[in-house]
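# A closer look at the structure
Residue strings, one per chain:
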Amino acid sequence: MQNYKDLLSDILEHGVQKEDRTGTGTISVFARQLRYDLAEGFPLITTKKLHIKSILHELLWFLSGETNIKYLRDNGVTIWDEWADENGDLGPVYGSQWRSWPTPDGQAIDQIRQVIEQIRNNPDSRRHLVSAWNPAEVGRMALPPCHYVFQFYVAEGKLSCMFNMRSVDTFLGLPFNIASYAFLTHMVAQQCDLEPGELIWTGGDVHIYLNHLEQVKLQLTREPFPLPKLIIKRKPDSIFDYRFEDFEIEGYQSHPSIKAPIAV
Ligand SMILES: Nc1nc(=O)c2c([nH]1)NC[C@@H]1CN(c3ccc(C(=O)N[C@@H](CCC(=O)O)C(=O)O)cc3)CN21
Ligand SMILES: O=c1ccn([C@H]2C[C@H](O)[C@@H](COP(=O)(O)O)O2)c(=O)[nH]1
């Protein structure tokens, strides 16, 4: 994960001060990319300890199509608490757009089901896309999608994934997002009888919040460890049948966690 450290250094060196919606203030650069070969290991940040449970439950919750935080709360995950209303609702965020994008004639499109069918039946297609950015519904979302679109690519028996983010909290959000899409790519590959290929992250407004600067500098003093491995213990019947217990991360060696306040 040296390239993640390089990105932090890049922002410290080239970032310009920008005010932001949360009032916290950031230093920010525009448009960056990171690449991970999933055959070389599972891309978990090792220069601080990550809470894998939150990442995996959030992904399973997206895939279930849910947009109420009840499932997360029931599983001890609090990362969406600040954005939910008094009923726990977030509006039509990721899960809703991924699984039931509304059509003008009152139907709904299950983009996840469709993209998996396409990958299986027409792997060479250049249209393996899932979009969470629905301009007609963004106004009703607690937070407009940050990772707003992802694309799969099949070549030589391998499945690669690129995910795009319009806005990136590089210290708190990005390590979660990279791990989450790595899990998703492994799962889709397994479902389509492919090997995992590359994971590519593309970021737009890539920032460090001003109240994360000390944490970032501490992280930059730490040497990365070798990457762990992901083991998926069985092959579920469909992409919607994975359970938390199906996943095991083997050999995750990391430096201690680093606390930081989240900008709301
Ligand atoms: N400012 C901001 N940054 C984000 O990354 C972010 C948002 N807002 N809003 C929506 C979601 C929620 N996400 C979050 C929220 C909290 C943590 C966080 O506090 N992480 C802690 C561990 C917390 C835990 O797992 O319980 C960390 O140290 O990584 C991470 C991602 C990602 N998103
Ligand atoms: O998965 C996520 C979700 C959110 N973020 C970050 C990016 C920004 O710091 C905020 C969103 O604020 P906007 O004003 O809507 O851009 O949350 C993330 O990094 N990853």
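Note that the structure is predicted; figures quoted are calculated from it, not measured. (Residues numbered from 1 in each chain as written. Chains lettered and ligands numbered in written order. Predicted model: local features only at pLDDT ≥ 70, side-chain atom pairs only at ≥ 80, totals over all residues. Heavy atoms only, no water.)

## Considering the UniProt feature "domain: Thymidylate synthase/dCMP hydroxymethylase" (unreviewed entry) in the protein
Heads up, the rule is: UniProt positions are given in the numbering used here, feature names are shortened, and annotations may be inferred rather than shown by experiment. Under the DSSP-based scheme used, a helix requires at least four consecutive residues in state H or I and a strand at least two consecutive residues in state E, with every element numbered from the N terminus.
The UniProt record marks residues 2-264 with the feature "domain: Thymidylate synthase/dCMP hydroxymethylase" (unreviewed entry), using the residue numbering of this structure. Helix and strand shares over residues 2-264 are 29% and 25% respectively, and the end C-alpha atoms of the span are 29 Å apart.

## A look at the packing of aromatic side chains
In this description, a pair of aromatic rings is defined by centroid distance and the angle of the planes. For the record, the criterion: Each Phe, Tyr or Trp ring (for Trp, its six-membered ring) is paired with any other whose centre lies within 6.5 Å, and the angle between the two planes then decides the class: stacked below 30 degrees, edge-to-face above 60, tilted in between. Buried, partly exposed and exposed residues are distinguished by accessible area as a fraction of the type maximum, computed with a 1.4 Å probe on protein chains only: under 20%, between the cut-offs, and over 50%, respectively.
Scanning all chains against the criterion turns up 13 aromatic pairs. Pairing Phe42 with Phe183 gives two aromatic rings, centres 4.7 Å apart and planes at 50°, and the pair type is tilted. Placement of the pair is Phe42 in the loop between β2 (26-37) and α2 (52-64) and Phe183 in helix α6 (residues 173-191), with a sequence separation of 141 residues. Side by side, Phe42 and Phe183 carry an identical accessibility label, which is buried. Ring geometry for Trp61 and Phe62: centres 5.5 Å apart, planes at 35°, overall tilted. Judged by its relative accessible area of 1%, Trp61 falls in the buried class. Since its relative accessible area comes to 1%, Phe62 is described here as buried. Counting every residue linked through ring pairs, the aromatic cluster contains Trp61, Phe62, Trp80, Trp83, Tyr94, Trp98, Phe150, Phe152, Phe163 and Tyr181.

## A closer look at the packing of helix α1 (residues 2-14) against helix α7 (residues 213-220)
The condition is simple: Axis geometry follows a simple rule: fit a line to the C-alpha atoms, using only the stretch in contact for helices, then measure angles between N-to-C directions, giving values from 0 to 180 degrees. Should an angle fall under 35 degrees it is taken as roughly parallel, and over 145 as roughly antiparallel, whereas 65 to 115 is taken as roughly perpendicular and any remaining angle as oblique. Crossings are classed by handedness, with left-handed meaning an anticlockwise turn of the near helix from the far one by less than a right angle and right-handed meaning a clockwise turn. Any two residues having at least one pair of non-hydrogen atoms within 4.5 Å are treated as being in contact.
Orientation of α1 relative to α7, taken along the N-to-C sense of each, is 135°, at an axis distance of 10 Å. Between α1 and α7, the crossing angle belongs to the class labelled oblique. The handedness of the crossing between α1 and α7 comes out as left-handed. Contacts between α1 and α7 involve Tyr4, Lys5, Leu8, Ser9 and Leu12 on the former and, on the latter, Leu213, Val216, Lys217, Gln219 and Leu220.

## A word on the UniProt feature "active site" (unreviewed entry) in the protein
Per the UniProt annotation, the sites labelled "active site" (unreviewed entry) are Cys146. Its location among the elements puts Cys146 in the loop between β5 (129-131) and β6 (147-155). Using a relative accessible area of 18% as the deciding quantity, one classes Cys146 as buried. When sequence neighbours within four positions are dropped, the list of residues in contact with Cys146 reads Tyr94, Asn164, Met165, Arg166 and Ser167.

## Observations concerning the nonpolar core
Inclusion rule: Definition used in this section: a nonpolar core is a set of buried Ala, Val, Leu, Ile, Met, Phe, Trp, Tyr and Cys residues joined via side-chain atoms within 4.5 Å.
Among the nonpolar cores identified, the biggest contains 77 residues, and Trp98, Phe150, Phe183 and Met187 are the most heavily contacted of them. A total of 11 residues in this core trace back to one element, the largest contributor, which is α6.

## Considerations on the packing of α2 against α6
Packed helices, taken two at a time, are described by the angle their axes make and the gap between the axes. Which entries qualify depends on this criterion: Note that Gly is not counted as nonpolar here; it falls among the polar residues with everything else outside the nonpolar set of Ala, Val, Leu, Ile, Met, Phe, Trp, Tyr, Cys and Pro and the charged set of Asp, Glu, Lys and Arg.
The contact between α2 and α6 brings their axes to 9 Å, and the two run at 55°. Relative to α6, the element α2 lies oblique. Seen along the crossing, α2 lies across α6 with a hand that is right-handed. Contacts from Ile52, Ser54, Ile55, Leu56, Leu59, Leu60 and Leu63 in α2 reach Phe176, Ala179, Ser180, Phe183, Leu184 and Met187 in α6. Tallied by class, the residues present in the contact of α2 with α6 amount to 11 nonpolar, 2 polar and no charged.

## Section: the site of ligand 2
To keep things clear, this is the line we draw: We define proximity as follows: a residue is near a molecule or strand when any one of its heavy atoms falls within 4 Å of that partner. The method behind every accessible area is Shrake-Rupley, applied with a 1.4 Å probe, and residues are considered shielded solely by the protein chains displayed.
Inspection of the region around ligand 2 gives 13 residues, with Arg21, Arg166, Ser167, His207 and Tyr209 positioned closest. In isolation ligand 2 exposes 450 Å². Once the protein is present, 84% of that is buried. Elements with a minimum of two residues in the shell around ligand 2: β7 (158-169), α6 and β8 (195-209). Residue contributions to the shell around ligand 2 peak at 5 residues, all from β7. Residue classes in the shell around ligand 2 are distributed as 5 nonpolar, 5 polar and 3 charged.

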